[in-house]
Amino acid sequence: MITFDNVEKRYPDGTVAVDGLSLEVPTGTLTVLVGPSGCGKTTSLRMINRMVDPTAGRVLLDGKDVREQDPQTLRRGIGYVIQHAGLFPHRTVVDNVATVPRLLGATRRQARTTALEVLERVGLGAEHARRYPAQLSGGQQQRVGVARALAADPPVLLMDEPFSAVDPVVRKELQQELLRLQSVLAKTIVLVTHDIDEAITLGDRVAVLRPGGTLAHYGPPEDLLTAPADDFVADFLGTDRGVRLLSFFPSDDLPLRTEPVVADGGHAPSSGSWLLLVDADRRPLGWRDITGALVPAGRGFVPGRDPVRVALDAAVLSPSGHAVAVDPDGRVLGVISQEQLAGTIRALHAARSTDTERTGA
Ligand SMILES: Nc1ncnc2c1ncn2[C@@H]1O[C@H](COP(=O)(O)OP(=O)(O)O)[C@@H](O)[C@H]1O
Ligand SMILES: [Mg+2]
């Protein structure tokens, strides 16, 4: 567990970067520090591994004040990943990663073996290991940065804007990769970002900091979206907060209709406008409109796997205004209209706000 206990950092020029910060990061969970530029995220992160020392208050790692620990020893248990990976340009990828186990006393051979293993773990095979950083894409370089941080198998991982320098598509991939790794490794991670979407995607808990380095809100992303602490937090979350919240509603119980679904060549009821034609295996062939034209059914949603947000997106994008529910193998289960979805979403929101009132969260 990492504990910030009323921490302040005042730089020598008088800038107060962090002010009265108290929060706990439970062991094995991922906390995101998010907020506008200059609100003290990097400073807070660096107080954990003593790259910066607080001017008041304490940072505790598993109950021990980090200032009572030797920085070198402390950092052996704390991986650190930064925006541009910070790789040595004149060392191969495998040597970059092997540096860490070497520092910890492994032999060259052991270090190399460890390096190849962690590279594999972040999705980089032996063919990448021999290259130099400049010969990799930005996304691959970030993977190497993550591999290097993991090479010593530290219980704690600090990540400062680790994915901010790569393009949006690769960024999403790296986010999913991190979630996958974390589900296996269960490290105690503190990740800094200025991107609220990234914070909501990655964080078990999200800490929103405001300029001046004070904590505006700390809690699970759903709570943040449901009940932001104040106007600053609500503004920071943006106008599509309600839609984002739908990512946390499961779609298992959405009421599905089957009467607009007809087998190709089967009897189609004459009334009604749109019909979803399916093949003998119940896979969607497309929507047939009143003129008889067939329009692609588009992406559906899988109840139980996808959240309500995916169903809503599918309904909004569908020519018929209906989202198609499919099983994991792509067979049609039924459809739901935008209007039905809207009704269900209203009910879900109402249930959630009564929950929140009851628990006082
Ligand atoms: N070494 C430093 N000396 C003086 N001021 C600093 C120093 N490092 C950061 N600051 C200031 O502290 C504030 C917080 O910085 P930082 O922690 O880097 O914020 P963030 O990571 O949220 O962008 C900013 O106003 C920044 O200019
Ligand atoms: Mg920063």
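Reading guide: rules and limits
One numbering rule holds for all chains: residues counted from 1, following each sequence as written. Chains carry letters and ligands carry numbers; both start at the beginning, A for chains and 1 for ligands, and go up in the order they are written. At least 70 in pLDDT is required for a residue's local features to be given in this predicted model, at least 80 for side-chain atom pairs to be given and counted, and no such filter applies to totals for whole chains, interfaces and linings, which use all residues. Water and hydrogen atoms were dropped before computing side-chain values, which therefore reflect all heavy atoms in the structure. Here, nonpolar core means buried Ala, Val, Leu, Ile, Met, Phe, Trp, Tyr and Cys residues that are tied together by side-chain atoms lying within 4.5 Å of each other. For each residue, the accessible area found with a 1.4 Å probe, counting protein chains only, is set against the maximum for its type, and the residue is called buried under 20%, exposed over 50%, and partly exposed in between. Where a domain begins and ends is set by an automatic assignment or by a domain database. It only takes one pair of heavy atoms within 4.5 Å for two residues to be counted as in contact. Criterion used throughout: strands pair if DSSP finds at least two bridges between them. A run of H or I in DSSP becomes a helix once it reaches four residues, and a run of E becomes a strand once it reaches two; helices and strands are each numbered from the N terminus. Detection works on a 1 Å grid of protein atoms alone, calling trapped sets that fit a 1.4 Å probe cavities and calling open sets with protein on both sides within 12 Å along at least five of seven lines pockets, with lining residues defined by an atom within 4 Å of a point. Grid points are joined across faces, edges and corners, and a volume is the space filled by probe spheres set on the points. Throughout this document, a residue counts as near a molecule or strand when at least one of its heavy atoms sits within 4 Å of that molecule or strand. Contacts described as polar in this section are N or O atom pairs within 3.5 Å, which, within protein, must combine one atom able to donate a hydrogen with one able to accept it, while residues neighboring in sequence count only if both atoms come from side chains. Values of accessible area rely on a 1.4 Å probe in the Shrake-Rupley scheme; residue burial ignores everything except the protein chains shown. Buried area is a sum: the accessible area each of two parts loses on coming together, probed at 1.4 Å, counted once for each and added. The salt bridge criterion pairs a side-chain nitrogen of Lys or Arg with a carboxyl oxygen of Asp or Glu, the two atoms within 4 Å. Lys, Arg, Asp and Glu make up the charged group, whereas Ala, Val, Leu, Ile, Met, Phe, Trp, Tyr, Cys and Pro make up the nonpolar group; the residues left over, Gly among them, are polar.

Enquirer: How would you explain the nonpolar core if you had to name every residue and give the values?
Expert: Within the largest apolar cluster, 59 residues are counted, with the highest numbers of intra-cluster contacts made by Val 97, Leu 119, Val 144, Met 159, Leu 178, Leu 191 and Phe 301. Taken together, domain 1 (2-248) and domain 2 (261-344) each give at least three residues to this core, which thus spans both. If near-sequence neighbours (up to four positions away) are discounted, Phe 301 is found in contact with Ser 251, Leu 254, Leu 256, Asp 306, Val 310, Ala 311, Ala 323, Val 324, Ala 325, Val 326 and Ile 336. In this structure, Val 25, Leu 33, Val 190 and Val 192 belong to the second largest nonpolar core, which totals 25 residues.

Enquirer: Tell me what's going on with the sheet that holds strand β2 (residues 16-25), and back it up with residues and numbers.
Expert: The four strands are arranged β2-β1-β4-β5 in an open sheet whose pairing can be described as antiparallel. Edge positions in the sheet fall to β2 and β5 (64-65), since each has one partner strand and no second. As defined by bridge partners, strand β1 (residues 2-10) adjoins β2 across six bridges and the pair is classed as antiparallel. When the bridges of β2 are listed, Ile 2 appears paired with Val 25.

Enquirer: Could you give an account of empty space enclosed by the protein, with specific residues and numbers?
Expert: Per the counting criterion, the structure on display carries two cavities of 30 Å³ or more. Each pocket or cavity is described by its volume, and for the largest cavity that value is around 60 Å³. If you go around the largest cavity, the residues you meet are Val 122, Arg 143, Val 146, Met 159, Phe 163, Leu 174, Glu 177, Leu 178 and Leu 181. Those elements that provide at least two residues to the lining of the largest cavity are α6 (138-150) and α7 (168-185). Ranked by the residues each element gives to the lining of the largest cavity, the list is headed by α7, at four residues. Estimates place the volume of the second largest cavity at around 40 Å³. Val 146, Leu 150, Leu 157, Leu 178, Leu 181, Gln 182, Leu 185, Lys 187 and Ile 189 together form the lining of the second largest cavity. Looking at the lining of the second largest cavity, the elements with two or more residues in it are α6 and α7.

Enquirer: With reference to specific residues and values, describe the site of ligand 1.
Expert: Around ligand 1, the neighbouring residues are Tyr 11, Asp 13, Thr 15, Ala 17, Ser 37, Gly 38, Cys 39, Gly 40, Lys 41, Thr 42 and Thr 43. At a separation of 2.7 Å, an oxygen atom of ligand 1 approaches a polar backbone atom of Gly 38. Gly 40 is positioned with one of its backbone polar atoms (N or O) 3.1 Å from an oxygen atom of ligand 1. Protein contacts shield 61% of the accessible area of ligand 1, which totals 560 Å² for the unbound molecule. Ranked by residue count, the leading element in the shell around ligand 1 is helix α1 (residues 41-46), at three residues.

Enquirer: Describe the domain arrangement of the protein chain, listing the residues and the values that go with them.
Expert: The domains assigned to the protein chain are domain 1 (2-248) and domain 2 (261-344). Between the C-alpha centres of domain 1 and domain 2 there is a distance of 41 Å. Taken together, the contact between domain 1 and domain 2 spans four residues of the former and four residues of the latter. Summing the contributions of domain 1 and of domain 2, the shared interface buries around 410 Å²; its carbon and sulfur component is 65%. Summed over the three residues of domain 1 that lose the most area to domain 2, namely Val 243, Leu 246 and Ser 247, the buried surface amounts to 87% of that side. Counting every contact that joins domain 1 to domain 2 gives zero salt bridges. The tally of links between domain 1 and domain 2 comes to one residue pair in polar contact (both at pLDDT 80 or more). Considering only residue class, the side of domain 1 that touches domain 2 consists of two nonpolar, one polar and one charged.

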